[in-house]
Each structure stands twice: as structure tokens, then as C-alpha cells.
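# Structural overview
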Amino acid sequence: MENLEQLKKRIEEREFQIAVIGLGYVGLPLALSFAQEGFPVSGLDKDPQKVKALNEGKSYLDDIPSNQVEEALKRGFSATTRESEALAGADAVFICVPTPLTQTKDPDLSYVISAGKSVARYLKLGELVVLVSTTYPGTTEEVLLPLLQKGGRKAGAHFYLSFSPERVDPGNKIYRLRNTPKVVGGVTAACTELAAFLLSKIVDKVIPVSSPRVAEMSKLLENTYRVVNISLVNELAQLCRRMKVNVWEVIEAASTKPYGFTPFYPGPGMGGHCIPIDPFYLSWKARAYDFNLRFVELAGEINDSMPYFVVDLVTEALNREGKSLKDSRILVLGVAYKQNIGDLRESPALKIIPLLEEREAQVEYCDPLVPSLELEDRALTSLPLSDKPWKGADCVLLLTAHRVFPYQEIAQESRLIVDTRNAFQGLEGNIVRL
Ligand SMILES: NC(=O)c1ccc[n+]([C@@H]2O[C@H](COP(=O)([O-])OP(=O)(O)OC[C@H]3O[C@@H](n4cnc5c(N)ncnc54)[C@H](O)[C@@H]3O)[C@@H](O)[C@H]2O)c1
């Protein structure tokens, strides 16, 4: 078996075959970065449509232009649905599969386990395995390691195993994979060293830590910190409304403190793949230690209440106009979970629209970045922005502050606006702010 120095030499020489399992928001940029740095890369995904698109040089992610995929293909990148094609012969495998929650908010590690079993089938001497999917502390050593150790193989001796979380922020133009420091913790010191060495070829700064658990926990601290602070400000927004204080002005004022304060902003509820999900991985694991992670549970409760709060705001606003929510025409502006991207995952709009409909409002939406959306029982199609759909609505409900919306025009031409993002700040109109 090659020693660490020999493996590093092959990494330097780019004679090191990379496989990436799961070509989504996390795996695809990782695979393309390695390809860009001259590594032979094979991507494995079970979705044949993604694989077909990539092999035709097409990207399906907003952040990745198709020419980046074409460039990678020229350098030898390929995608496949067949695990033997990607995994047999791989020197390093990165696991970037989903880690969702079940209906009862328990971790669903089925994707990680299935990917781990695939890796185990093809594991060879000296191979490096890196788990990237966000998960609770202990997953790498308690779930993945036993799968790979079958047959008496030992981590650090026969193969290398590490955890290195992803910090990708969809839509962020400044911080990309290359300039976002990457934490890595291996099962042994050699595991950390090899993973850190390989990752340093695509990331400017690698932060080695003492174990996979520290790396796993650090990712969950980052996300829990956001969840708790967003929920704090959401609760404050509810109080401010009752006290008739403008919460946005309060945050702006507090933000002038030059140290010790980081602003977070209220909104209609949290969305995305990470923030509403990851902290529950931690609170689930905490229960195994007889520990109740109260901050996370409370934050979840407050954030879950936000869609209801927004529906109450709309009801109240209409009431003041002498109208009821029943039969009113509501135009939802923006349904993506965050501005300027088309990602709908866990978006609060998916809760708010059915809540409005349950109360018999007539709801339509306009989001140029989300042409259609699936509700439980049917699909909705976005009204074209060019039709100025706000003109016919009894109430415009702004959920996502996309750059493309002509705010001034909307403010002037709408009968009533409920603004959950302070997107109409400074504009005149009949505007009710969260
Ligand atoms: N999206 C983000 O912003 C972000 C940021 C940091 C961390 N993460 C974490 O990274 C992980 C992946 O997230 P994502 O957003 O890239 O998910 P995603 O859904 O965009 O992509 C996952 C891909 O894995 C594929 N897949 C699932 N099981 C597979 C298997 N056994 N073999 C091959 N392919 C398989 C799916 O088809 C899908 O294309 C999650 O743990 C997530 O929490 C996501």
C-alpha cells in the first residue's frame, strides 16, 4: 500500500481520481472545482436527468453557468448513474447526498447509508473517503466507519476517512468554494492530513480539527447560531407589531454599534435546505445524551409560527380596508426561500399560500425565478411580471424581495401591500410592514 507521502505526490501530480456522489448544490461545485484544478473527476448521481444534462454540458444550478460544465467535460469530467463507473478506481470519494428530516423531524440518514454501502463495495487500499453532507456529530464514526471497516479494514491504516462540511451559500457572489475556509476532521491524524492536503488544492484555506465530531458540530453550530438569531428577531418583530414599533428601524439603529452586534432580519419564515433542518439533527442527537436542546426547539417553534403571523397580518390589513380575507384576491410576490434565486426548498410561501387558501382567499403568485410550483394537490404557474399583476389584487403580499421587482411602481399601483421583508422601505403607498 502507498504511504501518505506517495499519495500526496500523486495528488500534486493530479494522478488522483476523484469521485463525487450526489451532484446537487454541494456536490456539483465540488466536482467542477476539482476538474478545474486538473484532477480526473467522475460524478455519480442517481438522477438520470442530472447526469444527462451534465454530460451534454448543461448546468441545472443558478450559480453554475453551463460553460463551466462544458469546460470540465473538456478536462475529462464525466457524470454517471452507474456506481461502478464512478467508484471503481477512485482514489478519493466525496459523499454529498441529502440529509433531510423525516415527517417526525428525525434525521433521515438513508441516503448517507446507501452511499456509504456503495463506497464500501469498491473501497480499495489507500482510498480517501470524505463525508460532506451536513449531519449530527458522530455520524462519520458511528454510521459510516462501520460500513467501511467491514472485512477488517482499518481507517488510517487501509483507508482514510474524514468529515468536511460545506458552507456554500446559494446566490452569494463574493464567497464561493475557493475563498470560503473549509473545516476538516479525520478519524485519525493521517485521515485529516490527507483530506486537508487534497482539499487545499481547491480551497485557499483549510482548517484541520481534531476529529470528525468537531467538524460535524462546527457546521451545526454555524447553522444553529443563524436559526436562533433569526427566531429571536422574528419574536421581536411580533412584539414590535403589538407595541407599534418599527422593528426594521430598531435593527438599523442597533446595527450602528461597531462591535458585539450582528444584525439578523425578520421574515415570513425560514427556508432553504440547511437552516430549517440541520439544527434538528443536533437536537435529535442531544436527546440520546438526555439533553434537551431548548434553544433549537424554541427557535423552531417561533419560526414555525411566522407563516401564521403573516396570514394574520394580511387578514388585519384587509380588515382595515373593510374587506375580509375570504374571496379577496391576494397576489404573492416572490415565492423562493431567498431573494434573487429560484430555490423553493422549504420556502415559507409553500405554507403561506395553502393557509390563505384554507381561509378562502383567491391566491395567485408572481416570481420570475420560479415559473411554477407544486402544492400538495395541484400546481400553480407564475403570473408574468410584465402584466403588472399587482394592479388587480386586493392585497399584494411580498414574501421574497427579488431585485427584479419594480418596487416604486408596485407601491404606487397597488391598493394594499403587506411587506414581510422591508423591500418597500422609503416608498410611499398603502404599505403594512411586518
Ligand atoms: N444546499 C446548500 O446550500 C447546502 C449547504 C451546505 C451543506 N449542505 C448539505 O449538503 C448535503 C447535500 O445537499 P445539496 O443541497 O447538495 O442536495 P441536493 O438535493 O441538491 O443534491 C443531492 C444529490 O444527491 C443525489 N443522490 C442521493 N442519493 C444518492 C446516491 N445514493 N447515489 C448517488 N446520488 C445520490 C440526488 O439525486 C441529488 O442530485 C446535505 O447534507 C445538505 O444539508 C447543503
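Here the structure is shown first, and the text comes after it.
Summary of the structure given here. Given the structure is predicted, the values throughout are model-derived calculations rather than measurements.

Quick look at the sheet that holds strand β13 (residues 395–398) now. Note: strands within a sheet are paired through backbone hydrogen bonds, in either parallel or antiparallel orientation. What the five strands build is an open sheet, ordered β10-β9-β13-β14-β15; its pairing is parallel. Because the sheet does not close on itself, it has two edges, and the strands there are β10 (362–366) and β15 (431–433). Each adjacent strand pair in this sheet contributes to an overall mean axis angle of 20 degrees, direction not counted. With three bridges connecting them, β13 and strand β14 (residues 417–419) associate as parallel partners. Counted as the bridge partner of Leu-398 is Asp-419 from β14. Packing against the sheet, helix α12 (residues 294–320) makes contact with β9 (329–333), β13, β14 and β15, and its axis sits at approximately 155 degrees to β13.

As a further point, take the site of the ligand. In the vicinity of the ligand lie 26 residues, with Val-26, Asp-45, Lys-50, Thr-99 and Thr-134 positioned nearest. Between an oxygen atom of the ligand and a side-chain N or O atom of Asp-45, the distance comes to 2.6 Å. Lys-50 places a side-chain nitrogen or oxygen 2.7 Å from an oxygen atom of the ligand. The fraction of the free accessible surface of the ligand (830 Å²) that becomes covered by protein chains is 92%.

Before going further, it helps to spend a moment on a nonpolar patch on the surface. Residues Leu-236, Leu-239, Met-243, Val-245 and Val-250 make up a contiguous nonpolar surface patch of roughly 400 Å² in combined accessible area. Considering each element in turn, the nonpolar patch owes the most residues, three residues, to helix α9 (residues 212–243). As for its position among the elements, Met-243 is in helix α9. Take Met-243: its relative accessible area is 53%, and that puts it in the exposed class.

Generally speaking, nonpolar side chains in soluble globular proteins are found buried as a group. Ranked by size, the top nonpolar core spans 45 residues in total, and within it Val-314, Ile-330, Val-335, Leu-356 and Leu-397 carry the most contacts. Put simply, the parts of the chain that give this core at least two residues each are α9, α10 (247–254), α12, β9, α13 (349–358), β10 and β13. By residue number, the principal contributor to this core is α12, which donates nine residues. Every residue in contact with Val-314, bar those within four places of it in the chain, is listed here: Leu-325, Ile-330, Leu-356, Cys-395, Leu-397 and Val-418. With 43 residues, the next largest nonpolar core counts Leu-28, Ala-31, Phe-77 and Ala-195 among its residues.

Here we come to the pattern of salt bridges. On inspection of all chains with the given rule, the structure shows 36 salt bridges. Between Asp-106 and Arg-287 there is a salt bridge, with the nearest N and O atoms lying 3.9 Å from each other. In this pair, Asp-106 sits in the loop between β4 (92–95) and α6 (110–122) while Arg-287 sits in helix α11 (residues 278–287), placing the two residues 181 residues apart along the sequence. When salt bridges that share partners are traced, they join Glu-2, Arg-10, Asp-91 and Lys-124 into one network.

Our focus in this paragraph is the packing of aromatic side chains. Overall, the coordinates contain eight aromatic pairs when judged by the stated rule. Centre to centre, the rings of Phe-34 and Phe-39 are 5.5 Å apart; their planes meet at 90 degrees, and the pair counts as edge-to-face. Phe-39 matches Phe-34 in its accessibility class, with the two residues each being buried. Clustering of aromatic rings is evident, with ring pairs tying together Phe-34, Phe-39 and Phe-94. Above the face of the Phe-197 ring, Lys-201 is positioned so that its terminal group lies 4.4 Å from the ring centre.

Turning next to the side chain of Ser-283. Topologically, Ser-283 is positioned in helix α11. Polar contacts involving the side chain of Ser-283 include one to the main-chain carbonyl oxygen of Phe-280, which spans 3.4 Å. Dropping the residues within four chain positions of it, Ser-283 is found in contact with Leu-293, Val-296 and Glu-297.

The next thing to look at is the sheet that holds strand β1 (residues 18–21). A sheet is described by the order of its strands in space; here eight strands give the open sequence β3-β2-β1-β4-β5-β6-β7-β8, paired in mixed fashion. Among the strands making up the open sheet, the edge pair consists of β3 (78–80) and β8 (206–209). Adjacent strand axes in the sheet meet at a mean angle of 25 degrees, parallel and antiparallel pairs treated alike. Examined bridge by bridge, strand β7 (residues 182–186) and β8 share four bridges and lie parallel to one another. The residue bridging Gly-185 from the neighbouring strand is Val-209, located in β8. Seen against the sheet, α6 touches β1, β4 and β5 (127–131) and runs at an angle of roughly 175 degrees to β5.

Here we come to empty space enclosed by the protein. Within the structure shown, the criterion is met by one cavity of 30 Å³ or more. Within this model, the largest cavity holds a volume of roughly 30 Å³. Looking at the largest cavity, the residues that line it are Pro-165, Glu-166, Arg-167, Leu-177, Thr-180, Pro-181 and Lys-182. Of the residues belonging to the lining of the largest cavity, the class tally is three nonpolar, one polar and three charged.

With that settled, the discussion passes to the pairing of β5. Counted residue by residue, β5 has five buried out of five residues, so it is predominantly covered. Across the two faces of β5 the burial is the same, with Glu-127, Val-129 and Leu-131 and Leu-128 and Val-130 all buried. Bridging between β4 and β5 involves four bridges; their strand directions are parallel. Within β5, the residue paired with Ile-95 across the bridge is Leu-131. For the crossover that starts at β4, traverses α6 and ends in the parallel β5, the hand is right-handed. Here β5 pairs with strand β6 (residues 159–163) via five bridges, running parallel. Paired with Val-129 across the strands is Leu-161, a residue of β6. With helix α7 (residues 139–148) bridging β5 and the parallel β6, this β-α-β connection has right-handed handedness.

The rules behind these values
Residues numbered from 1 in each chain as written. Predicted model: local features only at pLDDT ≥ 70, side-chain atom pairs only at ≥ 80, totals over all residues. Heavy atoms only, no water. Pairing = 2+ DSSP bridges. Helix = DSSP H or I, 4+ residues; strand = E, 2+ residues; numbered from the N terminus. Axes fitted to C-alpha atoms, helices over the stretch in contact; angles between N-to-C directions. Contact = heavy atoms within 4.5 Å. Near = heavy atom within 4 Å. Polar contact = N/O pair within 3.5 Å; in protein donor to acceptor, adjacent residues only side chain to side chain. Areas by Shrake-Rupley, 256 points an atom, 1.4 Å probe, with all protein chains shown as cover. Patch = residues over 30% accessible without salt bridge, like charges linked within 9 Å, V, L, I, M, F, W, Y side chains within 5 Å. Salt bridge = Lys/Arg side-chain N within 4 Å of Asp/Glu carboxyl O. Buried < 20%, exposed > 50% of the residue type's maximum accessible area, 1.4 Å probe, protein only. Core = buried A, V, L, I, M, F, W, Y, C linked by side-chain atoms within 4.5 Å. Phe/Tyr/Trp six-rings, centres within 6.5 Å; stacked < 30°, edge-to-face > 60°. Lys NZ or Arg CZ within 6 Å of the ring centre and 35° of its normal. 1 Å grid on protein atoms, 1.4 Å probe; cavity = no way out; pocket = protein on both sides within 12 Å on 5 of 7 lines; lining within 4 Å. Points joined across faces, edges and corners; volume = space filled by probe spheres on them. Nonpolar A, V, L, I, M, F, W, Y, C, P; charged D, E, K, R; others polar. Right-handed = clockwise from strand over helix to strand, strands pointing away.

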